[in-house]
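So the chains spell out like this:
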Amino acid sequence: MRRRSRAGPGAGCGHTAKENRPTQDRFHCVTCGHHAHADILAATNVLRAWLVRRNANPA
């Protein structure tokens, strides 16, 4: 599984870097400045991935 904890959400720039996670519970993109709580960001990424899969495999 690809590590997403250092990448921003779809609304952000998508830049991936270790520096984007200054602490375990914070996300702050060094490129575009987007910031969020890491758990909220993770939940958003999981939801987006699920929606993409659901839409790719219609029932």
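Residues numbered from 1 in each chain as written. Predicted model: local features only at pLDDT ≥ 70, side-chain atom pairs only at ≥ 80, totals over all residues. Heavy atoms only, no water.

### Focus on the overall build of the protein chain
So, point 1. Scanning the protein chain for helices and strands turns up one helix and two strands.
So, point 2. Reading the helices (α) and strands (β) of the protein chain from amino to carboxyl end gives β-β-α.
So, point 3. For the protein chain, the accessible surface area stands at approximately 4600 Å², while carbon and sulfur atoms represent 56% of it. (Helix = DSSP H or I, 4+ residues; strand = E, 2+ residues; numbered from the N terminus. Areas by Shrake-Rupley, 256 points an atom, 1.4 Å probe, with all protein chains shown as cover.)

### So, helix α1 (residues 38–56)
So, point 1. Look at α1: 27 Å from first C-alpha to last across 19 residues, which is about the 27 Å you get at 1.5 Å a residue.
So, point 2. Looking at α1, one finds that the buried residues are A38, L41 and N45. In an axial view of α1, the angular spread of the buried residues amounts to 60°, which keeps them on one side of the axis. Counted as exposed and oriented over 90 degrees from the buried face of α1: D39, I40, V46 and N55.
So, point 3. Buried residues along α1 sit in contact with β1 (26–28) and β2 (35–37). (Expected span 1.5 Å × (residues − 1). Buried < 20%, exposed > 50% of the residue type's maximum accessible area, 1.4 Å probe, protein only. Arc of directions from axis to C-beta. Contact = heavy atoms within 4.5 Å.)

### A look at the environment of N20
So, point 1. You can see N20 is positioned in the segment before β1.
So, point 2. On the basis of relative accessibility, which here comes to 0%, the residue N20 falls in the buried class.
So, point 3. A polar contact is formed between the side chain of N20 and the backbone oxygen of H15, at a distance of 3.0 Å. (Polar contact = N/O pair within 3.5 Å; in protein donor to acceptor, adjacent residues only side chain to side chain.)

### So, the confidence of the model for the protein chain
So, point 1. Put simply, the protein chain has an average pLDDT of 82, and 78% of its residues get 70 or more.
So, point 2. Considering each helix and strand of the protein chain separately, the mean pLDDT is smallest for α1, with a value of 90, and largest for β1, with 92. (pLDDT = per-residue confidence, 0-100.)

### As for the state of the cysteines
So, point 1. Summed over all chains, the structure comprises zero disulfides.
So, point 2. Looking at C29, it has no disulfide partner, and the nearest cysteine sulfur is the one in C13, 3.6 Å off.
So, point 3. Note on C32: no disulfide assigned, nearest cysteine sulfur contributed by C29 at a separation of 3.7 Å. (Disulfide = S-S within 2.5 Å.)

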